Amino acid sequence: QVQLVESGGGLVQTGGSLRLSCAASGIIYSIGAMGWYRRAPKKQRELVAVITSGGSTNYSDSVKGRFTISRDNAKNTMYLQMNTLKPEDTAVYYCNAKRVVTPALIRDNYWGQGTQVTVSS
């Protein structure tokens, strides 16, 4: 059974940095696009960044130039380097994986449990 596990969240001051990781466990042949989403208090979930299996990336305007998404296909792991953090980046961050191929099935939309990022002013 495939699981996505995020790590690396925490409390940081404005201007600080954090690096999130999302590791997919289980017997996996391949993973399609992966992405980071976040949900701030009283707001809807929003897309932060996505990366294709080939390494193409896309970012929301609010994080462009400050966040960098990357992945290691051999380790089935995705990362989000977050620099120059702002209080408005405070949210629960979730990782998502599309088209996960395993020996048993092909399934879309796996989600991690989320990791809290809090940026103090």
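Since we're looking at a predicted model, the values are computed, not measured.

## Some remarks on the overall build of the chain
- Summing up its helical and strand segments, the chain has zero helices and 13 strands in all.
- For the chain, the sequential pattern of α-helices and β-strands runs β-β-β-β-β-β-β-β-β-β-β-β-β.
- Computed over C-alpha atoms, the radius of gyration of the chain comes to 14 Å, within 12% of the 14 Å expected from 2.2 N^0.38 for 121 residues, which places it in the range of a compact globule.
- For the chain, buried positions account for 44% of its 121 residues.
- Long-range contacts, defined as pairs at least 24 residues apart, comprise 56% of the intrachain contacts of the chain with a sequence gap of at least 6.

## Describing the sheet that holds strand E7 (residues 67-72)
- Ordered in space as E1-E3-E8-E7, the four strands form an open sheet in which the pairing is antiparallel. Among the strands making up the open sheet, the edge pair consists of strand E1 (3-7) and E7. Within the sheet, the average angular offset between the axes of one strand and its neighbour, ignoring direction, is 15°.

## Regarding the state of the cysteines
- Summed over all chains, the structure comprises one disulfide.
- Residue Cys22 pairs covalently with Cys95 via a disulfide, S to S 2.1 Å. Between Cys22 and Cys95 the sulfur-sulfur dihedral comes to about 55°; the bridge is accordingly right-handed. Taken together, the positions of Cys22 in strand E3 (residues 18-25) and Cys95 in strand E9 (residues 91-97) put the pair 73 residues apart, joining distant regions of the chain.

## Looking at the side chain of Thr115
- Locating Thr115 in the fold gives a position in strand E13 (residues 115-120).
- In this structure Thr115 comes out as buried when scored by relative accessible area, which is 11%.
- At 3.3 Å, the side chain of Thr115 forms a polar contact with the backbone nitrogen of Gly9.
- Discounting residues that sit within four places of it in the chain, Thr115 has contacts with Glu6, Ser7, Gly8, Gly9, Leu20, Ala91, Val92 and Tyr93.

## Quick notes on the nonpolar core
- Residues Trp36, Leu80, Met82 and Tyr93 are the most contacted members of the largest nonpolar core, which totals 31 residues.
- Elements with a minimum of two residues in this core: E3, strand E4 (34-39), strand E5 (46-51), E7, strand E8 (77-82), E9 and E13.
- In this view, Met82 contacts Gly16, Ser17, Leu18, Leu20, Arg66, Phe67, Tyr93 and Val117; residues no more than four positions away in its chain are not counted.

So, how was this worked out
- Residues numbered from 1 in each chain as written.
- Predicted model: local features only at pLDDT ≥ 70, side-chain atom pairs only at ≥ 80, totals over all residues.
- Heavy atoms only, no water.
- Helix = DSSP H or I, 4+ residues; strand = E, 2+ residues; numbered from the N terminus.
- Rg over C-alpha atoms; globule rule 2.2 N^0.38 Å.
- Buried < 20%, exposed > 50% of the residue type's maximum accessible area, 1.4 Å probe, protein only.
- Contact = heavy atoms within 4.5 Å.
- Pairing = 2+ DSSP bridges.
- Axes fitted to C-alpha atoms, helices over the stretch in contact; angles between N-to-C directions.
- Disulfide = S-S within 2.5 Å.
- Polar contact = N/O pair within 3.5 Å; in protein donor to acceptor, adjacent residues only side chain to side chain.
- Core = buried A, V, L, I, M, F, W, Y, C linked by side-chain atoms within 4.5 Å.

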